[in-house]
Amino acid sequence: SIARWTAPRSSVLKAARVADMAQPVLVVVDDEDASLRALAGELGSRYGAQYRIVASPSAEDALTRLADLRAEDATVALILADQWMPGGTGTELLARARELHPTARRGLLTSWGDTSTSVPILEAMALGQIEFYLSKPAWSPDEQFHQVITEALKEWWRQHGAARLEAVTVIG
């Protein structure tokens, strides 16, 4: 008979938390439930094996989570925020997020055909509050969406990841 040893549940949960903390984090913020689920699903399906996905339903919740991630010493690689949300705009959120996670790439999410975001986008880019903007995924998988996200992550790895890890594979 072969004796088997099983780790206590608390050890397994602790190991899972440590593994999560070692993965860079992608944060997505949108106040519309269906949109947030779709965004988190798109990010999780393409990047979930390499990144921890954190979805927030409001700017306030996102700032709390970003502060918690900073306290955990988690590395945030990317923050995406919808422009129009109750309690604050995406550009305001991303400006405040920059203070908490200055190395994270910051992208503004827009809806297809929303022309009211052009002025906030230009202002935020001029002030260095965002690095890019993109339309929310129109279908799944949305390759245009993923192309922009993959390029942003590649840029983040070029600027910040080399000192932390020897190699990374970005699929997409």
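Note: the structure precedes this text.
Values in this document were obtained by computation on a predicted structure and should not be read as measured data.

Undergrad: Looking at this model, I keep getting lost on the nonpolar core. Mind explaining?
TA: In summary, soluble globular proteins display a tendency toward joint burial of nonpolar side chains. In this structure, Val-27, Val-76, Ile-79 and Leu-93 are the most contacted members of the largest nonpolar core, which totals 22 residues. Taken together, the elements giving at least two residues each to this core come down to strand E1 (25-29), helix H3 (59-71), strand E3 (76-82), helix H4 (90-100) and helix H5 (118-126). At five residues, H3 tops the list of elements feeding residues into this core.

Undergrad: Could you clarify how one ought to interpret the pattern of salt bridges in this entry?
TA: Side chains that differ in sign of charge can pair as their charged atoms come close. Summed over the entire model, instances satisfying the criterion amount to eight salt bridges. For Lys-136, the salt bridge goes to Asp-30, with nearest N and O atoms at 2.7 Å. Here Lys-136 is found in the loop between strand E7 (132-135) and helix H6 (143-161), whereas its partner Asp-30 is found in the loop between E1 and helix H2 (33-47), with 106 residues between them in sequence. With relative accessibility at 8%, the residue Lys-136 sits in the buried group. A single salt-bridge network, built from bridges that share partners, covers Asp-30, Asp-82 and Lys-136.

Undergrad: So what exactly am I meant to see when it comes to the side chain of Asp-82 here?
TA: Tracing the backbone shows Asp-82 in strand E3. Owing to a relative accessible area of 4%, Asp-82 belongs among the buried residues under this scheme. Of note is the side chain of Asp-82, whose polar atom sits 3.4 Å from the side chain of Lys-136. Apart from the residues within four sequence positions on either side, Asp-82 is in contact with Val-29, Asp-30, Asp-31, Thr-89, Gly-90, Leu-108, Leu-109 and Lys-136.

Undergrad: It is not clear to me how the packing of aromatic side chains should be interpreted in this structure. Could you clarify?
TA: What characterises a pair of aromatic rings is the spacing of the ring centres plus the angle enclosed by the ring planes. According to the stated counting rule, one finds one aromatic pair in the structure shown. For the pair Trp-156 and Trp-157, a centre-to-centre distance of 4.8 Å together with 80° between the ring planes defines the contact as edge-to-face. Each of the two residues, Trp-156 as well as Trp-157, counts as buried.

Undergrad: What is the right way to look at the side chain of Gln-23 in this model?
TA: If you trace the backbone, Gln-23 turns up in the loop between helix H1 (9-22) and E1. A residue is classified by how much of its surface remains accessible, and Gln-23, at 19% relative accessible area, is buried. Separated by 3.0 Å, the side chain of Gln-23 and the backbone oxygen of Ala-49 make a polar contact. Here Gln-23 is in contact with Gly-48, Ala-49, Gln-50, Tyr-51, Arg-52 and Thr-75, once residues within four sequence places are set aside.

Rules of the game
- Residues numbered from 1 in each chain as written.
- Predicted model: local features only at pLDDT ≥ 70, side-chain atom pairs only at ≥ 80, totals over all residues.
- Heavy atoms only, no water.
- Core = buried A, V, L, I, M, F, W, Y, C linked by side-chain atoms within 4.5 Å.
- Buried < 20%, exposed > 50% of the residue type's maximum accessible area, 1.4 Å probe, protein only.
- Helix = DSSP H or I, 4+ residues; strand = E, 2+ residues; numbered from the N terminus.
- Salt bridge = Lys/Arg side-chain N within 4 Å of Asp/Glu carboxyl O.
- Polar contact = N/O pair within 3.5 Å; in protein donor to acceptor, adjacent residues only side chain to side chain.
- Contact = heavy atoms within 4.5 Å.
- Phe/Tyr/Trp six-rings, centres within 6.5 Å; stacked < 30°, edge-to-face > 60°.

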